[in-house]
Every structure is written in C-alpha cells, then in structure tokens.
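# Observations on chain architecture
Listed below, chain by chain, are the residues.
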Amino acid sequence: MSDVVVVGAGIVGAAVARELAVRGVAVTLVDRGAVSGGTTGLGEGNVLLADKDAGPELELARAGRDLYAEIEARMPDTARIRRKGALIVHPEEATWGAEPARLARIGVAEAELLDAGAVRSAEPALTGAIHGASFFPGDLQCDPRAIARALARESADAGASVLEGCAVAAIEPGRGVVMRDGRRIAAAAVVLAAGPWSAALAAGAGHPLPLEPRKGQLVKLAAPHRGLVRHKVVDGSYLASVTSPATGLEVATVVETTWDGDVLVGSSRERRGFDTGVDSAVSEALIARAARLFPSLAGLPVAGAWSGLRPWLPDHLPAIGPSRAVPGLWLATGHEGAGVGLGPVTGRLVAQLYCGESPCADPAPFDPDRFAPGRA
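Residues numbered from 1 in each chain as written. Predicted model: local features only at pLDDT ≥ 70, side-chain atom pairs only at ≥ 80, totals over all residues. Heavy atoms only, no water.

Bringing the packing of aromatic side chains into the picture now. For the structure on display, the rule yields 2 aromatic pairs. Ring geometry for W197 against F274: centres 6.2 Å apart, planes inclined by 25°, an arrangement best described as stacked. Here W197 is found in the loop between β11 (184-192) and α7 (198-204), whereas its partner F274 is found in the loop between β15 (263-269) and α9 (280-293), with 77 residues between them in sequence. A cation over a ring is seen here: R32 above W197, with NZ or CZ 4.7 Å from the ring centre. (Phe/Tyr/Trp six-rings, centres within 6.5 Å; stacked < 30°, edge-to-face > 60°. Helix = DSSP H or I, 4+ residues; strand = E, 2+ residues; numbered from the N terminus. Lys NZ or Arg CZ within 6 Å of the ring centre and 35° of its normal.)

Our next topic: the packing of helix α1 (residues 11-21) against helix α6 (residues 144-157). Direction vectors running N to C along α1 and α6 enclose 30°, while the axes themselves pass 8 Å from each other. The angle between the axes of α1 and α6 places the two elements in the roughly parallel class. The interaxial crossing formed by α1 with α6 has left-handed handedness. Between α1 and α6, the residues in contact are I11, A14, A15, A17, R18 and A21 and P144, I147, A148, L151, A152, E154 and S155, respectively. The class makeup of the residues in the contact of α1 with α6 is 10 nonpolar, 1 polar and 2 charged. (Axes fitted to C-alpha atoms, helices over the stretch in contact; angles between N-to-C directions. Parallel < 35°, antiparallel > 145°, perpendicular 65-115°, else oblique. Left-handed = near helix turned anticlockwise from the far one by under 90°. Contact = heavy atoms within 4.5 Å. Nonpolar A, V, L, I, M, F, W, Y, C, P; charged D, E, K, R; others polar.)

Quick look at the side chain of E250 now. Assignment of secondary structure puts E250 in strand β14 (residues 250-257). No salt bridge is formed by the buried E250. Its closest oppositely charged neighbour is R214, at 4.3 Å. Side chain to side chain, E250 and S244 meet in a polar contact 2.5 Å long. If near-sequence neighbours (up to four positions away) are discounted, E250 is found in contact with R214, S241, S244, S267, S268 and R269. (Buried < 20%, exposed > 50% of the residue type's maximum accessible area, 1.4 Å probe, protein only. Lys, Arg positive; Asp, Glu negative; His and termini not counted. Salt bridge = Lys/Arg side-chain N within 4 Å of Asp/Glu carboxyl O. Polar contact = N/O pair within 3.5 Å; in protein donor to acceptor, adjacent residues only side chain to side chain.)

Once that is clear, we can look at the pattern of salt bridges. If you walk through the whole model with that rule in mind, you get 30 salt bridges. Between E172 and R175 there is a salt bridge, and its shortest N-O distance comes to 3.6 Å. R175 gets classed as exposed once you look at its relative accessible area, which sits at 54%. The partner of D275 in a salt bridge is R272, and the shortest N-O contact between them spans 3.0 Å. Among the residues examined, D275 registers a relative accessible area of 27% and is labelled partly exposed. The exposure class of R272 is partly exposed, given its relative accessible area of 43%. Residues joined by salt bridges that share partners form a network here, namely R18, E19, R23, E70, R74, E154, R348 and E357.

In this section: helix α10 (residues 339-355). Taking 1.5 Å per residue as the helical rise, α10 with its 17 residues ought to reach 24 Å, and the 23 Å between its terminal C-alpha atoms agrees with that figure. By the criterion of burial, α10 is predominantly enclosed, with 14 of the 17 residues buried. One or two steps after α10, the chain reaches G356, where phi turns positive at roughly 75°. (Expected span 1.5 Å × (residues − 1).)

The subject of this paragraph is the environment of P301. Tracing the sequence through the fold places P301 in the loop between α9 and β16 (302-312). The residues contacting P301, other than those within four sequence positions of it, are K220, L221 and A222.

Attention shifts here to the nonpolar core. V6, L60, Y68, F136, C142, I147 and V191 are the most contacted members of the largest nonpolar core, which has 66 residues in total. The biggest single contributor to this core is α1, with 8 residues. If we ignore the near neighbours within four places in the chain, the residues touching F136 are L49, A50, G85, A86, I88, R102, L103, I106, V108, E110 and A111. (Core = buried A, V, L, I, M, F, W, Y, C linked by side-chain atoms within 4.5 Å.)

Turning our eyes to something else, we now look at the layout of surface pockets. One number sums up the size of the second largest pocket: a volume of about 480 Å³. Every residue lining the second largest pocket is counted, 22 residues in all, and those nearest its centre are G43, R80, D143, T258 and W259. Per-element tally for the lining of the second largest pocket: the top contributor is α6, with 4 residues. Class assignment of the residues belonging to the lining of the second largest pocket gives a composition of 7 nonpolar, 6 polar and 9 charged. (1 Å grid on protein atoms, 1.4 Å probe; cavity = no way out; pocket = protein on both sides within 12 Å on 5 of 7 lines; lining within 4 Å. Points joined across faces, edges and corners; volume = space filled by probe spheres on them.)

Let us look at the environment of L201. Relative to the helices and strands, L201 is located in helix α7. Its relative accessible area of 14% is what places L201 among the buried residues. Along the backbone, L201 and V263 are 62 residues apart, and their C-alpha atoms lie at a distance of 37 Å. Look past the residues within four positions of L201 in its chain and what remains in contact with it is V7, V168, A169, A170, I171 and L192.

Okay, here's the thing in structure tokens:
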C-alpha cells in the first residue's frame, strides 16, 4: 500500500512524487500515458517573473524560480537552462505608461526599464515601433519535458513506483484510486495533478472544480542563424490577455528561440474544450503580429505548429493542498500557462504541507476548497 497516489505525471505531478519520496513517503505516480507526455512538453519552457503582477502567484513564482537553481545543480545537462532574461516590450503607449507602476508593485529588484534604443541594442532584429520595455534578466528557459522525466526518475530512485500507461477511472478519497482496467491502488491520500484533465476526476471524488482546458497554439519558424532572437520577448498586451476571462480567441505576441536556435512564436488563448487541432488562420495571425516587432520573421519558413491545453481556473491561481471538504483528496492543478515555473515549487509545497513542515509559500490563496458554494 502506498501512503500517497499522485495522479498525473507532468512536471507538477512528477515534482510532487519526487518531493514526497525523498522525505520517505511511500508514493505511487500514475499517468494514463508517458511521463511528461501531455501539457508539460508543449509550451516554451519558461520560468518567468516578468509577466506577473503583485499577489500570491508572484510570490509562488519567486520561490519557484529560485528552486530552478537547485534543479540546475542536480541535473545540469538534462535541464538545459538558459538564463537569457525576458523583455516585456510596449508598442502601445497605454501599456508603456502603466509599466513603471507595475514594476514598483512587484518589487523585483533586478527588473529595469529600458528605452527604445536600449531595447534595440539588446534585440537588434526588433525593429518595429516600441516605446520601451521592462527587462527581467533572471528569467529563464528550460527543457520541461526532460526535467519532468528526471524528477520521475529521482522519485523512483527514492523508492516511488512510477506507472505509465495506467489510466485512473476514479479517485476514492481516503482509499486510493480505481484504474480503468479494474485494478485498485490503495492509499490514504491522493494528489490530483492531471492538469487540464483534473476536473472530471475531482468531480467524481466529490469535489467540483471549475477547471477548464484553455487552448494555446505555437508556431516554430526555421531561423537562418542562431541568435536571431536573444531573449524572451513579450508584447505588453499579453499581460492583459493572460488574466482575461474571455472564452473566445485572443492573440498576443511572444517570441523566443528554441534550444536549437529556431524561433517560437505565440501565443493564443481560447476556451473550447479539449480541441487541440491546429488552426492555420491562428498560425498566420501569430506570425503577422510577431512581424510587427520582428519584421524579418515574416519571411521565415514554418517548421511546425501545434496546440496544447492549459488548466484554467477562474481566478487564475492554481489549486494546491489538501481539501478539507473531501478528506484524503489533495490538489496540485490549475497552473494554466505557468506550470513549468510553478511545477517544482508546487511539488515542494505539497510535500511540506503533507509532512508538517514550514511551507515555502503561503498556501492560503491556493486553497482547493475556495470554489465551494458559499465561499468568497
């Protein structure tokens, strides 16, 4: 019998399993597919403070980015971390005018405002019209799929059982899980870390969760040489897009390079169920918007396009920790597009709460029961 079953082996679930296992907890990590076979490997692999505002997500993100120094030390070749920094660029006067106040609110000591000339020195190919940018030199890019797999290996090395290709049909809080093939895995606690697929399992366990998949699409362009884009570059309008409650399509520009030097262009957001089809019109819109900042991108050949699903909650905060309403059920889901940055620290926070340690961040804002009827 396990003490804990973790459902979902993306970067969040793998981190939970690893953090529990190294503390001596008997853990079983299960996934219907392969470790890191879902959302984790489909994004840009960013760990950012640049796109946050003041509040609990920023505080968790600070702890999360700090934890990547430990990850880099444990798995330097696997993690493929590049501390290239992020630029929030402002083509619009309104967002540029609001940026000094945002930087003052968030209090990231390293962050600074750059005028347009300084931005062009940092990003020579960024020749579109801008007013300036905020620069966060400590933000980084990594290989989240490889990190999740390494975390799962670390959990196994510490004694955890890792079961791939094993779909969970139901969670029975306080008893464990029932697999689709009828097998049962007994455990006093279950941590639900199934990303966009968490809502149905939570509801079946008696914990309705207003979580929906939020689709995002990316395009990869074949670059003529390495270093065409040097930083993570984000249009200032993206900050509003992330927190928008809209269900329809929203497009805001993000641009950066892959490990191999090609250019990634995003991003879109829309809530339309579990559709992951690639829409060519969305790809064209992403490239056209990015070319306003980087005109040379318009002529690059498309090397690929894909879509993924982010786990969205209405208040844009993840659900992390034990449910008081459903004893035996723990949640670690709802990170939307910040799962890479927040995944490892979520694992640590869950393990600290489970083991009675002092938490690395205040868990109260991430209370899994906050959406219950009658709760504010």
